Amino acid sequence: MKILLLSSAYNGLTQRVHVELLQRGHAVSIEIAINEQTMLEGVQLFNPDIIFCPFLRHRIPESIWRHYVCVVVHPGIKGDRGASSLDWAIQNKETQWGVTALQAVEEMDAGDVWATATFKMRPGSKSSIYTIEVTEAAVKVVLQALEHFQDASFKPKPLDYGKPDVLGQLRPTMKQKDRRIDWRVDSTAIILDKIYAADGSPGVADTILGNEYYLYGPTKEDNLVGVPGELIATCLGAVCRATVDGAIWLSHLKRKANNGDKPYFKLPAASVLGERIKDLPEIPMSMYHSTANTFKEIWYEEKNAVGYLHFDFHNGAMSTDQCLRLRDAVIEVRNRPTRVLVLVGARTTWSNGVHLNIIEAAHNPAEESWHNINAIDDLILTVLNTTTKITVAAVHGNAGAGGVPFALACDKVCVRSGVVFNPHYKSMGLYGSEYWTYTLPKRVGYDKALEITEACLPIGMQEAKKIGLVDFVIPEMFAAFDSKIELMVETLAQSNNYARILESKVLRRSHDEFVKPLKVYRQEELRHMREDFYKPNMPYHPARKQFVYKIPATETPERLAHHRRSNRSDNGVLPLIKSII
């Protein structure tokens, strides 16, 4: 079928729906919902059989929904309506939530129901639940709605609040007054839920040391206490703030802009507060002795001859310091008496490569870009040169840019079935490094590697497995995913063939090094990257600014909008840099 995805951004959910539809043989094109004129133009150019709207902030014009079946994917249970669906669900501690596919009509979220799916809510941030549970449910309802659309006997059901299964309601858009934290009264649990419900966007507005900020990245702290509302410690860029019954860590802040101010963006909390918190104690963090309830980015566990090195960086962005800390951790634990080393990424995101926000905030962004790319290269080189044990990437969350070759540096790549890879750099105006010119062709061949990096399109795990990009695809999530990984790697560690497998690995690495040393791959890649960073008028710097400042797209890139390819010429790197991480 001809399917148009009409979306406000090519975000993770839209990418996943795109991938799933392509895997089933449909002709899919995408139109970014910029304004009524461009939306209507895109629809008329493609003339789809059906339109799906996976992520839409705009109202669909009547000129479209009157003439085409438009199915809106709403992140709420049947009957739920409003722009803050997931925010209210988290803040109100709903135990069950869902996704509903509704036909677009004049009144928002009030159309006939094409399909629904529910899921169990868990403690977690809005961005995490949206990326995992909402996305999985959204895929189900899109595929179910498409099946219903192809069934001539099916009629979507009108939204009827008199029916017992319609449990949702129309909710107002959540305002900052609904999110306000009273540090003198609110418990740690309440504060966590309020920040969780705003994490990603818009954050919770609050006052710290007399200035207004938006709060992000909360983590409960079990051991520290202090006067409620006061800052009491720092750790690796995060700050700890006391509550009435404990404390929480805030990993990131964004300064609130006043009229006339330049816009601000999210950064590690300690760097935003700067010299004003210089007297706070810095809490040392050991990756071997870290309780569950505290701020941590890197930690290590060991069991049955297997080492598990966990890393969790906010939104998958890896700064220079974070890359070097993780590199040092790999160096340390690869000397442990284990047979397999598993790199375990965060639930939501494995890695998205260098930290564009920190780069943008640097006094010299080109220089910080250079430091950051060399640091992540150092990390990946350390993994590639780990020849004393088998390395495994356990990828539960999405990966993009340099995060993909980071995973490919491991001997075996195990991924959750719902993961999406974006193994390309061109849309950010970069050639790319991270030894991708070694790891990617080694797995998929030179021609396929070139096709992937030039197309700048996401890859689903079914396709990734088919072309050899990954080794194992695991359908389970969360603890079930961890259990499957544990079973696989312990079996590998105890295998009678382990010595032969390791020897084969060492011989392959030695052969590859003889044919072309890793330092040559790095030199070639960095020669391009130096030009991208330092040469005047290169597209990387404006593309980075567009991403960091979340500047809306002004057109849909032709790599997504097949219906527009014959209607305008290719102008090089196209300007959609929108919410891929």
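The structure under discussion appears in the preceding block.
Residues numbered from 1 in each chain as written. Predicted model: local features only at pLDDT ≥ 70, side-chain atom pairs only at ≥ 80, totals over all residues. Heavy atoms only, no water.

**Structural notes on the overall build of the protein**
On a plain count of helices and strands, the protein comes out with 19 helices and 22 strands. What you see for the protein is a C-alpha radius of gyration of 24 Å, in line with the 25 Å of a compact globule of 581 residues. Counting only C-alpha atoms, the protein reaches 65 × 60 × 55 Å along its principal axes. Each of the 581 residues in the protein was classed as buried or not, and the buried ones make up 56%. Within the structure as shown, the protein displays about 25,100 Å² of accessible surface, and the carbon and sulfur contribution to it stands at 52%. Where the 68 positive side-chain charges of the protein centre and where its 67 negative ones centre are 1 Å apart. (Helix = DSSP H or I, 4+ residues; strand = E, 2+ residues; numbered from the N terminus. Rg over C-alpha atoms; globule rule 2.2 N^0.38 Å. Buried < 20%, exposed > 50% of the residue type's maximum accessible area, 1.4 Å probe, protein only. Areas by Shrake-Rupley, 256 points an atom, 1.4 Å probe, with all protein chains shown as cover. Lys, Arg positive; Asp, Glu negative; His and termini not counted. Charge placed at Lys NZ, Arg CZ, Asp CG, Glu CD.)

**Looking at the pattern of salt bridges**
Counted according to the given criterion, the structure contains 38 salt bridges. The partner of aspartate 87 in a salt bridge is lysine 126, and the shortest N-O contact between them spans 2.9 Å. You can see aspartate 87 sitting in helix 4 (residues 85–91) and its partner lysine 126 sitting in helix 5 (residues 126–149), a full 39 residues away along the chain. Lysine 126 shares its class with aspartate 87; the two are buried. Across the pair glutamate 524 and lysine 516 runs a salt bridge whose closest N-O atoms are separated by 2.9 Å. For lysine 516, a relative accessible area of 24% translates into the label partly exposed. One salt-bridge network, in which partners are shared between bridges, spans Arg16, Glu20, Arg24, Glu136 and Arg416. (Salt bridge = Lys/Arg side-chain N within 4 Å of Asp/Glu carboxyl O.)

**Here's the deal with the sheet that holds strand 14 (residues 306–311)**
The strands that make up a sheet are held in pairs by hydrogen bonds between backbone atoms, and each pair lies either parallel or antiparallel. Strand order in this open sheet of six strands is 13-14-15-17-19-22, and the pairing throughout is mixed. This sheet does not close on itself; its edge strands, each paired only once, are strand 13 (298–303) and strand 22 (472–474). This sheet shows a mean twist of 20° between the axes of neighbouring strands, independent of strand direction. Here helix 9 (residues 320–333) sits on the sheet and contacts strand 13, strand 14 and strand 15 (340–344); the angle it forms with strand 14, its principal contact strand, is near 170°. (Pairing = 2+ DSSP bridges. Axes fitted to C-alpha atoms, helices over the stretch in contact; angles between N-to-C directions. Contact = heavy atoms within 4.5 Å.)

**Let's talk about the sheet that holds strand 5 (residues 96–103)**
Pairing in this open sheet of six strands is mixed, and the strands run 2-1-3-4-5-6 from one edge to the other. The open sheet terminates on both sides in strands that have one partner only, identified here as strand 2 (27–32) and strand 6 (113–120). Put simply, the sheet's adjacent strands are angled 20° from each other on average, direction ignored. For strand 1 (residues 2–7) and strand 2, the ladder comprises six bridges, and the chain directions are parallel. Among the inter-strand pairings, leucine 6 is bridged to a residue of strand 2, identified as glutamate 31. Where helix 1 (residues 12–23) meets the sheet, its contacts fall on strand 1 and strand 2, and the angle it forms with strand 1 comes to roughly 175°. The sheet contacts of helix 5 involve strand 1, strand 3 (50–53), strand 4 (70–74), strand 5 and strand 6, and relative to strand 6 the element is tilted by about 150°.

**Details of helix 11 (residues 365–384)**
Here helix 11 spans 28 Å end to end across 20 residues, near enough to the 28 Å set by a 1.5 Å rise per residue. Counting buried positions along helix 11 yields 16 of 20 residues, so the element is predominantly enclosed. (Expected span 1.5 Å × (residues − 1).)

**Concerning the pairing of strand 10 (residues 238–243)**
A large share of strand 10 lies buried, amounting to six of its six residues. Here strand 10 shows a buried face lined by Ala238, Cys240 and Ala242 and a second buried face lined by Val239, Arg241 and Thr243. Between strand 9 (residues 231–235) and strand 10, which pair antiparallel in sequence order, lie two residues; one of them, leucine 236, sits at a positive phi of approximately 50°. Two strands pair when backbone bridges link them, and strand 10 and strand 11 (residues 246–255) are joined in this way by five bridges, in the antiparallel orientation. Residue alanine 242 lies in a different strand from strand 11, and its bridge partner there is alanine 247. Joining the antiparallel neighbours strand 10 and strand 11 is a turn of two residues.

**Focus: the packing of aromatic side chains**
Enumeration according to the criterion identifies 14 aromatic pairs in this entry. Residues tryptophan 114 and phenylalanine 149 carry aromatic rings whose centres are separated by 6.2 Å and whose planes lie at 50° to one another, so their mutual orientation is tilted. Residue tryptophan 114 is located in strand 6, and its partner phenylalanine 149 is located in helix 5; the two are separated by 35 residues in the primary sequence. Phenylalanine 149 gets classed as partly exposed once you look at its relative accessible area, which sits at 25%. A ring pair is formed by phenylalanine 311 and tryptophan 350, whose centres lie 4.9 Å apart and whose planes are at 75°; its orientation type is edge-to-face. You can see phenylalanine 311 sitting in strand 14 and its partner tryptophan 350 sitting in strand 16 (residues 349–351), a full 39 residues away along the chain. (Phe/Tyr/Trp six-rings, centres within 6.5 Å; stacked < 30°, edge-to-face > 60°.)

**Overview of unusual backbone geometry**
Here the residue pair serine 201 and proline 202 is connected by a cis peptide bond, since its omega of 5° sits within 30 degrees of zero. Structurally, the position occupied by proline 202 is in the loop between helix 7 (188–196) and strand 7 (204–208). Despite not being glycine, glutamate 434 has its phi angle at roughly 65°, a positive value. Relative to the helices and strands, glutamate 434 resides in the loop between strand 20 (420–422) and helix 13 (436–444).

**Topic: the side chain of arginine 509**
Tracing the backbone through its elements, the reader meets arginine 509 in helix 17 (residues 498–515). A distance of 2.7 Å separates the side chain of arginine 509 from the side chain of glutamate 513, its partner in a polar contact. (Polar contact = N/O pair within 3.5 Å; in protein donor to acceptor, adjacent residues only side chain to side chain.)

**Some details on the pairing of strand 3**
Where burial is concerned, the two faces of strand 3 agree: the one with Ile50 and Phe52 and the one with Ile51 and Cys53 are both buried. Strand direction decides the pairing type here: strand 1 and strand 3, joined by three bridges, are parallel. Considered in strand 3, the bridge of leucine 5 is made with phenylalanine 52. Summarising the sheet, strand 3 and strand 4 pair through three bridges and their orientation is parallel. What sits directly across from phenylalanine 52, in strand 4, is valine 71.

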